[in-house]
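Tertiary structure, described
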Amino acid sequence: MRTYLLEGWFQPGRPTGPAFQQALAAHHQYIGQQVAQGRVLLAGPIPEDPQRGGILVVKSGDIDAFCQADPFVQLGVQTYKITPFRVFDGQAAVKAWAE
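Here goes a summary of the coordinates provided. Small disclaimer: the values here were computed from a predicted structure and weren't measured.

If you tally the helices and strands in the protein chain, you get four helices and four strands. Mapped from its N terminus to its C terminus, the protein chain presents α and β elements in the order β-α-β-β-α-α-β-α. Relative to the 2.2 N^0.38 estimate, which gives 13 Å for 99 residues, the radius of gyration of the protein chain is 14 Å and therefore close to what a compact globule would have. C-alpha atoms of the protein chain, sized along the principal axes, occupy 40 × 25 × 20 Å. In the protein chain, 74% of the contacts between residues at least 6 apart in sequence involve partners at least 24 apart. Total accessible area on the protein chain is roughly 6000 Å²; 56% of this is exposed by carbon and sulfur atoms. Both charge centroids of the protein chain, one from 8 positive and one from 8 negative side chains, sit 4 Å from each other.

The following block contains the structure:
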């Protein structure tokens, strides 16, 4: 498995109002499942930039499938910029997670 930084970018014409709230709840459920399964180290929004969704640090054997399974992607809310990287240093728990 490789480690990735995912940067979410909101899509023009994305759902708003109750449809957005439903997509957000589904997205949170999906990310929560991935955290519980050890695939996501951290995730969170970027509230200062209205065009940006959030940032995730992920390990995956198929990052495209990981992204496509996210309800935010499926429902046209956001896309991800995918940047692979190698964990060089960090807290012991982070290094253990990345192995």
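The next subject is the pattern of salt bridges. Per the counting criterion, the structure on display carries three salt bridges. Residue E7 pairs with K81 through a salt bridge whose shortest N-O separation is 3.8 Å. Here E7 is found in strand β1 (residues 2-10), whereas its partner K81 is found in strand β4 (residues 78-85), with 74 residues between them in sequence. Overall, the relative accessible area of 45% leaves K81 in the partly exposed class. With its nearest N and O atoms 3.7 Å apart, the salt bridge here joins K95 to D89. Relative accessible area serves as the criterion here: at 37%, K95 is assigned to the partly exposed category. Residue D89 is classed as exposed on the basis of its relative accessible area of 54%. Here the residues in one salt-bridge network are E7, R52 and K81, joined through shared partners.

Within a sheet, adjacent strands bond to each other through the backbone by hydrogen bonds, running parallel or antiparallel. Strand order across the open sheet formed by four strands is β2-β3-β1-β4, with antiparallel pairing between neighbours. At either margin of the open sheet sits one strand with a lone partner, and together these are β2 (40-45) and β4. Along the sheet, successive strands turn relative to each other by an average axial angle of 15°, direction set aside. In this sheet, strand β3 (residues 52-60) lies alongside β1 in antiparallel orientation, the contact comprising seven bridges. Residue pairing in the sheet places R2 in a bridge with S60 of β3. Contacting β1, β2, β3 and β4, helix α1 (residues 17-36) crosses the sheet at an angle of about 160° to β2.

What counts, and where the lines are drawn
Residues numbered from 1 in each chain as written. Predicted model: local features only at pLDDT ≥ 70, side-chain atom pairs only at ≥ 80, totals over all residues. Heavy atoms only, no water. Helix = DSSP H or I, 4+ residues; strand = E, 2+ residues; numbered from the N terminus. Rg over C-alpha atoms; globule rule 2.2 N^0.38 Å. Contact = heavy atoms within 4.5 Å. Areas by Shrake-Rupley, 256 points an atom, 1.4 Å probe, with all protein chains shown as cover. Lys, Arg positive; Asp, Glu negative; His and termini not counted. Charge placed at Lys NZ, Arg CZ, Asp CG, Glu CD. Salt bridge = Lys/Arg side-chain N within 4 Å of Asp/Glu carboxyl O. Buried < 20%, exposed > 50% of the residue type's maximum accessible area, 1.4 Å probe, protein only. Pairing = 2+ DSSP bridges. Axes fitted to C-alpha atoms, helices over the stretch in contact; angles between N-to-C directions.

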